[in-house]
Amino acid sequence: QVQLVESGGGLVQPGGSLRLSCAASGSIVSIISMGWYRQAPGKQRELVTWITSGGRTNYADSVKGRFTVSRDDAKNTVYLQMNSLKSEDTAVYYCYAGGVIGAQSGNYWGQGTQVTVSS
């Protein structure tokens, strides 16, 4: 069974930074796409960013220029560096692994990590 474990969430002041990590474990050969979604209270889950195994990235307009996604395929880990955080970035952030190839191929979600931006 593939598992995604996120870390790095917490409370930060507006203008501050946080770095999220998500490590995939299990019998994994490769992961086509890894990324992050978020869900704020009372809102639908939305895409934040994703990165392919080839390094192609995509960002939501609301985070362009402030967030940076990266991945370490040797560790099956994706990172999200979040700078210049705003109160509207407050949400539960979910890691996503799409196109996992391995003993149990498929798409997987992490359990979520809370990010709160507040003074």
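Okay, so let's go over this structure. Fair warning: this is a prediction, and the values are worked out from it, not measured in the lab. (Residues numbered from 1 in each chain as written. Predicted model: local features only at pLDDT ≥ 70, side-chain atom pairs only at ≥ 80, totals over all residues. Heavy atoms only, no water.)

1. Observations regarding the overall build of the protein chain
For the protein chain, the count of helices and strands is 0 helices and 11 strands. Listed N to C, the secondary structure of the protein chain is β-β-β-β-β-β-β-β-β-β-β in terms of helices and strands. Taken against the 2.2 N^0.38 rule, which gives 14 Å for 119 residues, the C-alpha radius of gyration of the protein chain at 14 Å falls within 12% of a compact globule. Taken across its 119 residues, the protein chain has 43% of its residues classed as buried. Summarising the internal contacts of the protein chain: among those between residues at least 6 apart in sequence, 54% fall at separations of at least 24. For the protein chain, the accessible area works out to roughly 6,100 Å², and carbon and sulfur atoms hold 47% of it. Charged side chains in the protein chain number 10 positive and 7 negative. The centres of these two groups are separated by 1 Å. (Helix = DSSP H or I, 4+ residues; strand = E, 2+ residues; numbered from the N terminus. Rg over C-alpha atoms; globule rule 2.2 N^0.38 Å. Buried < 20%, exposed > 50% of the residue type's maximum accessible area, 1.4 Å probe, protein only. Contact = heavy atoms within 4.5 Å. Areas by Shrake-Rupley, 256 points an atom, 1.4 Å probe, with all protein chains shown as cover. Lys, Arg positive; Asp, Glu negative; His and termini not counted. Charge placed at Lys NZ, Arg CZ, Asp CG, Glu CD.)

2. Observations concerning the pairing of strand S4 (residues 28–39)
Bridge count for S4 against strand S9 (residues 91–102) is 10 bridges, and the pairing is antiparallel. Within S9, the position partnered with Ser-33 by the bridge is Gly-98. Where S4 and strand S5 (residues 46–52) come together, 6 bridges link them in antiparallel fashion. Looking across to S5, one finds that Arg-38 is bridged to Glu-46. (Pairing = 2+ DSSP bridges.)

3. What about the packing of aromatic side chains?
Under the defined criterion, the tally for this structure stands at 3 aromatic pairs. Both rings, one in Tyr-37 and one in Tyr-96, keep their centres 5.9 Å apart while their planes meet at 70°; by these two values the pair is edge-to-face. Separated by 59 residues along the polypeptide, Tyr-37 in strand S4 and Tyr-96 in strand S9 bring together distant segments of the chain. Looking at Tyr-37, the relative accessible area reads 22%, which means it is partly exposed. For Tyr-96, a relative accessible area of 18% puts it in the buried group. On the numbers, 4.8 Å between centres and 55° between planes, the contact of Tyr-96 with Trp-109 is tilted. Residue Tyr-96 is found in strand S9, and its partner Trp-109 is found in strand S10 (residues 106–109); the two are separated by 13 residues along the sequence. Grouped by ring-pair contacts, the aromatic residues Tyr-37, Tyr-96 and Trp-109 constitute a single cluster. (Phe/Tyr/Trp six-rings, centres within 6.5 Å; stacked < 30°, edge-to-face > 60°.)

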